Amino acid sequence: MQKWRYYSPLRILKVFRVLLTLYLLIKKRTRFLYMHPLTPDALTETISDLGASFIKLAQVLATRNDFFPPNYLEKLKTLHDELPPMDEKRMKQVFNRAFRDDPFTRFEKRPIASASIGQVHQAWLDDGTRVAVKLRRWGIARRVRADIRILNSFNRLFRPLFSHYTKHSIEAVISEFSVMILKEVSLSQERANLQKFSEVYADMDIRFPKAFDALSSDDALVMRFEEGFRFDDKAAIEAAGIEIRHVIEKLVHFYTEQMLVRGFFHADPHPGNLLVSPEGELILLDFGMVKRIPNDTRVAIIELIKAANERDYERYVSASKRLGTVAYDAPTAELAEFTERMFDIFNNDALDSASMQQLAFEVLEQTRNLPFKLPQEAIYILRVSAIIEGLGTTYIENFNGVKDILPILQRNIPRALGAKETLLETVIDELKRMPLDLQAFRETIYRISDGDLPVELSRLQMESLQSHLQEALKPFVTGALLIFGSLFLLLLDPALKSYAIVLFGAGSLRLIFR
């Protein structure tokens, strides 16, 4: 019975109203049949009522300036992943399931933080070690799986109403979100992410909590307690005499290394997950959302940033196509003009942040019909970039993360593209690969001489061809169905001859005027 309450008619109706509102906003329509979109306040309130999954989905969607008007975006950005803690009965049930024997000499029942997936308590081990204990919310895994089923069902319902590019953008958001949140509700997965992060970035002068494997499970994660100021607690950080510019530089350098050099990054760096120790050390918490970036995506992003710095708009558009944020067959000249206008706005030091945003929205409004997309890999990259930009502007007016990234990137481009640390290591590595390269070259020459050289299309080219093919076949399929329908009516009942003629005529016209 507990399971089916996640599918209650009222809850499903709320999900429908939220998704219908998103559909109407994206399509710029004021109503669908007799239904109007929820107001910004009603939308955020409904999303909050629906809980964890929808709050997190809204946080991802809030990065899509091209989907929503400014008043809705501002409201979506106010949604926080904070919920009241579990009642004491539920908390004890989770605690007893996670720990057969109580391993703590002292456990604080009142949590110090409570979010949609779990809540964090302070505790002390037998040896006096102070730890943070994250308990997973009762029933959250079942609830998330139910939410994903409902989301996918409604997505199939709305899918035919979207254009090819918008449809794929929305599906990418829902698909990536579904994968990530299922991982996030597993505290065993979070522990594995934390351990991997601690190994990969051990040389980065960033502090990570230490997990206690023997005490942790899918329902509980026990870690060393880390103390510090929230990254957005400006008053406390300034009162402690911490040089915040140095910390921001370290944060930008760290995320450049994660996303562009090593391709393994923490995808949820909101202020509650970033602490600054009294000594000015950066502390990273909460490893539920961790992503890997494929090598070709990293290379495309690097080219994108370089083109942005050099104001090479056509190369910027070309890199965007390789990244997948712009359709492969999009008009390069038109997109280059749009890019130039956006760059002029964001490089104008005379504008404040609000004016920049207003002008950018006006430009985006004129380009809604351009074939922009959002590939799965780009969703969390955009979200992280927006969060880092927001953290920077807390302390530095008109903070521009790209300008800070460029010098770091210039120093690390060889490593980001796979080169070794030193010239000697690079030469040795190339010599080792030379026999394989020569063999591949010889095989290519043989295939060319035999006329047997295969040509491979990229995923983006295949998507473009598939889209054009679907558009070309649509009138043939519709026309054929109407003609077959007319024949079926005649076979069913000759008295329906007039209806059959109408269907046959409509099908013939669809084939002729395609």
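Anything mentioned here points back to the structure above.
Here's what I pulled together on the structure shown here.

Rules used throughout
Residues numbered from 1 in each chain as written. Predicted model: local features only at pLDDT ≥ 70, side-chain atom pairs only at ≥ 80, totals over all residues. Heavy atoms only, no water. Helix = DSSP H or I, 4+ residues; strand = E, 2+ residues; numbered from the N terminus. Buried < 20%, exposed > 50% of the residue type's maximum accessible area, 1.4 Å probe, protein only. Contact = heavy atoms within 4.5 Å. Areas by Shrake-Rupley, 256 points an atom, 1.4 Å probe, with all protein chains shown as cover. Axes fitted to C-alpha atoms, helices over the stretch in contact; angles between N-to-C directions. Parallel < 35°, antiparallel > 145°, perpendicular 65-115°, else oblique. Nonpolar A, V, L, I, M, F, W, Y, C, P; charged D, E, K, R; others polar. Salt bridge = Lys/Arg side-chain N within 4 Å of Asp/Glu carboxyl O. Pairing = 2+ DSSP bridges. Left-handed = near helix turned anticlockwise from the far one by under 90°. Phe/Tyr/Trp six-rings, centres within 6.5 Å; stacked < 30°, edge-to-face > 60°. Lys NZ or Arg CZ within 6 Å of the ring centre and 35° of its normal. Expected span 1.5 Å × (residues − 1). Core = buried A, V, L, I, M, F, W, Y, C linked by side-chain atoms within 4.5 Å. Patch = residues over 30% accessible without salt bridge, like charges linked within 9 Å, V, L, I, M, F, W, Y side chains within 5 Å. Polar contact = N/O pair within 3.5 Å; in protein donor to acceptor, adjacent residues only side chain to side chain.

So, on to the overall build of the chain. When you go through the chain residue by residue, the secondary structure sums to 19 helices and ten strands. Counting only residues that meet the buried cut, the chain has 45% of its 514 residues in that class. Nonlocal contacts in the chain, meaning residues at least 24 apart in sequence, comprise 67% of its contacts between residues at least 6 apart. Carbon and sulfur atoms form 57% of the exposed surface of the chain, whose accessible area is close to 27,500 Å².

Our next topic: the side chain of Ser 186. Of note, Ser 186 is situated in the loop between α7 (164-184) and α8 (187-200). In this structure Ser 186 comes out as buried when scored by relative accessible area, which is 17%. Apart from the residues within four sequence positions on either side, Ser 186 is in contact with Arg 136 and Asp 218.

In contact at an axis separation of 8 Å, helix α10 (residues 244-262) and helix α11 (residues 295-310) are set at 120 degrees when each is read in the N-to-C sense. Judged by the inter-axis angle, α10 sits oblique to α11. From α10, Met 259, Leu 260, Val 261 and Arg 262 reach across to α11, where they touch Arg 298, Ile 301, Ile 302 and Ile 305. Classifying every residue of the contact of α10 with α11 by side-chain character gives six nonpolar, no polar and two charged.

The full count for this structure, using the stated rule, is 21 salt bridges. Residue Asp 219 pairs with Arg 97 through a salt bridge whose shortest N-O separation is 3.1 Å. With a gap of 122 residues between them, Asp 219 in the loop between α8 and β5 (220-224) and Arg 97 in helix α5 (residues 88-98) connect regions that are remote in the sequence. The class of Asp 219 is buried, set by a relative accessible area of 10%. We classify Arg 97 as partly exposed; its relative accessible area is 46%. The shortest N-O distance in the salt bridge between Arg 207 and Glu 281 comes to 2.8 Å.

In this fold, Ala 211 is placed in the loop between α8 and β5. In this structure Ala 211 comes out as buried when scored by relative accessible area, which is 14%. Remark: the alpha-carbon pair of Ala 211 and Arg 224, spanning 13 residues in sequence, is separated by 6.5 Å. Beyond its immediate stretch of four places on either side in the chain, Ala 211 contacts Arg 191, Leu 194, Leu 221, Val 222 and Met 223.

Attention shifts here to the sheet that holds strand β8 (residues 274-276). The three strands are arranged β6-β8-β9 in an open sheet whose pairing can be described as antiparallel. Unpaired on one side and paired on the other, β6 (229-230) and β9 (282-284) mark the two borders of the sheet. Bridge analysis of β6 against β8 gives two bridges, and the strand direction is antiparallel. Looking at the pairing, Phe 229 lines up with Val 276 of β8. Along the sheet, α10 contacts β8 and β9; its crossing angle with β9, the most-contacted strand, is approximately 45 degrees.

Here the focus is the packing of helix α1 (residues 9-27) against helix α2 (residues 40-50). The interhelical angle for the contact between α1 and α2, taken along N-to-C directions, is 140 degrees, at an axis separation of 10 Å. Taken together, the axes of α1 and α2 lie oblique to each other. The handedness of the crossing between α1 and α2 comes out as left-handed. Of the residues in α2, those in contact with Arg 11, Lys 14, Val 15, Val 18 and Thr 21 of α1 are Leu 43, Thr 46, Ile 47, Asp 49 and Leu 50. For the contact of α1 with α2, the per-class residue count stands at five nonpolar, two polar and three charged.

In total, this model carries 14 aromatic pairs according to the counting rule given. Over the ring of Trp 124 we find Arg 106, and its NZ or CZ is 4.1 Å from the ring centre. Across the ring face of Phe 212, the terminal group of Lys 210 is positioned such that the distance to the ring centre comes to 4.5 Å.

Before going further, it helps to examine α11. Taking 1.5 Å per residue as the helical rise, α11 with its 16 residues ought to reach 22 Å, and the 23 Å between its terminal C-alpha atoms agrees with that figure. Of the residues making up α11, those classed as buried are Thr 297, Arg 298, Ala 300, Ile 301, Ile 302, Leu 304, Ile 305, Ala 307 and Ala 308. Arg 311 sits one or two residues past α11 and shows a positive phi near 50 degrees.

Attention now goes to the nonpolar core. Core analysis: the largest hydrophobic core is formed by 53 residues, its most contacted members being Phe 197, Phe 208, Phe 231, Phe 254 and Leu 284. Considering each element in turn, this core owes the most residues, nine residues, to α10. Ignoring sequence-local partners within four residues, the contact set of Phe 254 consists of Phe 197, Tyr 201, Met 204, Ile 206, Phe 208 and Leu 284. Among the nonpolar cores identified, the runner-up in size contains 36 residues, and Tyr 23, Leu 24, Leu 38 and Ile 55 belong to it.

Together, Leu 469, Leu 473, Phe 476, Val 477 and Leu 481 give the surface a local cluster of nonpolar side chains, amounting to about 480 Å² of exposed area. The topology assignment puts Leu 469 in helix α18 (residues 459-492). Of the residues examined, Leu 469 reaches a relative accessible area of 51% and is grouped as exposed.

Let us look at the side chain of Arg 137. Inspection of the secondary structure assignment puts Arg 137 in the loop between β4 (130-136) and α6 (140-158). Accessibility expressed as a relative area gives 13% for Arg 137, which makes it buried. A distance of 3.5 Å separates a polar side-chain atom of Arg 137 from the backbone oxygen of Ser 116. Residues in contact with Arg 137, not counting those within four places in the same chain, are Leu 83, Pro 84, Pro 85, Met 86, Ser 114, Ala 115, Ser 116, Ile 117 and Gly 118.

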